[in-house]
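Chain and residue survey
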Amino acid sequence: EAEVYKYYSDGEWRKSSSGKSVPIINPTTRKPQYKVQACTQEEVNQVMEAATSAQKSWAKTPLWKRAELLHKAAAILKEHKAPIADFLVKEIAKPAKDAVTEVVRSGDLISYTAEEGVRILGEGKFLVSDSFPGNERSKYCLTSKIPLGVVLAIPPFNYPVNLAVSKIAPALIAGNALVLKPPTQGAVAALHMVHCFHLAGFPKGLISCITGKGSEIGDFLTMHPLVKCISFTGGDTGAAISKKAGMIPLQMELGGKDACIVLEDADLDLVAANIIKGGFSYSGQRCTAVKVVLVMVSVADALVEKVNTKVEKLTVGPPEEDCDITPVVSESSANFIEGLVVDAKQKGATFCQEYKREGNLIWPLLLDHVRPDMRIAWEEPFGPVLPVIRINSVEEGIHHCNASNFGLQGCVFTRDINKAIMISDAMETGTVQINSAPARGPDHFPFQGLKDSGIGSQGITNSINMMTKIKSTVINLP
Ligand code: G3P
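The following refers to the structure shown. (Residues numbered from 1 in each chain as written. Predicted model: local features only at pLDDT ≥ 70, side-chain atom pairs only at ≥ 80, totals over all residues. Heavy atoms only, no water.)

**With respect to the overall build of the protein chain**
On a plain count of helices and strands, the protein chain comes out with 14 helices and 27 strands. In terms of C-alpha radius of gyration, the protein chain reaches 24 Å, essentially the compact-globule figure of 23 Å for 478 residues. With the principal axes as the frame, the protein chain shows a C-alpha extent of 75 × 70 × 40 Å. Sorting the 478 residues of the protein chain into buried and exposed places 56% on the buried side. Residue pairs at least 24 apart in sequence account for 72% of intrachain contacts in the protein chain once pairs closer than 6 positions are excluded. Carbon and sulfur atoms provide 54% of the accessible area of the protein chain, an area that totals close to 19700 Å². Side chains of the protein chain carry 50 positive and 51 negative charges; the gap between the two charge centres is 6 Å. (Helix = DSSP H or I, 4+ residues; strand = E, 2+ residues; numbered from the N terminus. Rg over C-alpha atoms; globule rule 2.2 N^0.38 Å. Buried < 20%, exposed > 50% of the residue type's maximum accessible area, 1.4 Å probe, protein only. Contact = heavy atoms within 4.5 Å. Areas by Shrake-Rupley, 256 points an atom, 1.4 Å probe, with all protein chains shown as cover. Lys, Arg positive; Asp, Glu negative; His and termini not counted. Charge placed at Lys NZ, Arg CZ, Asp CG, Glu CD.)

Here it is, written out as structure tokens:
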């Protein structure tokens, strides 16, 4: 019988009074691996009340002390990289090396946030009144950044540790309390990450981690009156949250259909390497994965051949063996991907490899000659299946990119920098990468999606700012 991990509330590890648990299915074995507590609404209330009260004294804790604790948590997290990475391997089938990288990157993110926080929160503004018409120099305005209160963080399964700390660290440095609702797949890794904050010695109640079924506590959490900010990364749930949430700031990253536009003068070896990295790393389960290749027809054959040569070399198998392609997170995800593949087959796409699936493991697949009437031209597979659409003009590529509901990132490959900039300006996405695959990092870069890809901007500096409000004090001279 699998161990039921406790949730973290008011500085303690607790069992839920529900007596119920939620199983975590190992994507590779498809058998239950761990269990977490199925917390109740009453337990959510307790966590929110503890957070609200802890936040009040935390906001008064000197900024340098908040930073010091974050640095400590970062160091402890890095010390525990091996066991936490092992949980990621078992819970979300992330290749072993990438799992370690996720934890180390998270430690670095926490430290950078502490450093950035002391700088940007250590500065305010001083304004004088006589720059606005009709005013004498009789008012001095002092501004500083103050915390919002309790921040609710909801990260997705693909980065249960990294996309949790990218919300936790900015919230805490800015003087907020933090309630984490981890994804079910990844919850055990997240609980152990939270344990590192516990060991660092943060005040009781300031951070908590509540686990359970979305159907039981999801809406209750996101609509909770004590929540003063929500930072969410994930899928369709984000749109539902944004409709139900109260009058609070929202930060949302909700997926993408990142296009890779390839011009005739592109370095095709570079493009092929980036398509492999961008399209197939973590088996395509990244919001920033390359999800459609739009290549000029004159170089399409050459590019497809180069990509196929590299696809053949990808290793396929269990995450423990550090294979390139590992099982996708769930059976329903694998079924969804298969649905897109079947639709493309029926509508006449060219299969560069044979479609192969065992359980949740799907072999990497490049689909050539994809046309806009195929679902895969528009939908996000979140798996190792990549469509190639041949285009006759750059405008056609830009048009396809902009016709998507998503607008997260995109990339363009060309040796002509002027063209690259013009294409970047024309692409309706939050970021355009020139001559490299889309990616969120380095983690202090701004990260944002247009259209259905999200609300607001992330990245360390933007997240700190987003989790604060401006407070002014005006001195009125006689
Ligand atoms: O899928 C989540 C998104 O934030 C991607 O991050 O680092 O893989 O570009 P990254």
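Having put the structure on the table, let's press on.
**Comments concerning the site of the ligand**
With respect to spatial proximity, the complete set of residues near the ligand consists of R105, N158, Y159, L163, E253, R286, C287, T288, A439, R440 and F447. Here an oxygen atom of the ligand sits 2.7 Å away from a polar atom, N or O, in the side chain of N158. The side chain of E253 places a nitrogen or oxygen atom 3.2 Å from an oxygen atom of the ligand. Protein chains shield 97% of the accessible area of the ligand, which is 310 Å² for the free molecule. By residue class, the composition of the shell around the ligand is five nonpolar, two polar and four charged. (Near = heavy atom within 4 Å. Polar contact = N/O pair within 3.5 Å; in protein donor to acceptor, adjacent residues only side chain to side chain. Nonpolar A, V, L, I, M, F, W, Y, C, P; charged D, E, K, R; others polar.)

**Details of the sheet that holds strand β19 (residues 385-391)**
Strand order in the open sheet formed by seven strands is β15-β18-β19-β14-β13-β21-β22, and the pairing between neighbours is mixed. Bordering the open sheet on either side are β15 (350-351) and β22 (431-434), each of which pairs with just one other strand. Relative to strand β14 (residues 290-296), helix α12 (residues 394-403) is tilted by about 160°, and along the sheet it contacts β13 (258-262), β14 and β19. (Pairing = 2+ DSSP bridges. Axes fitted to C-alpha atoms, helices over the stretch in contact; angles between N-to-C directions.)

**Details of the state of the cysteines**
Counted according to the given criterion, the structure contains zero disulfides. Free cysteine: C260, not disulfide-bonded; nearest cysteine sulfur from C411 at 3.7 Å. (Disulfide = S-S within 2.5 Å.)

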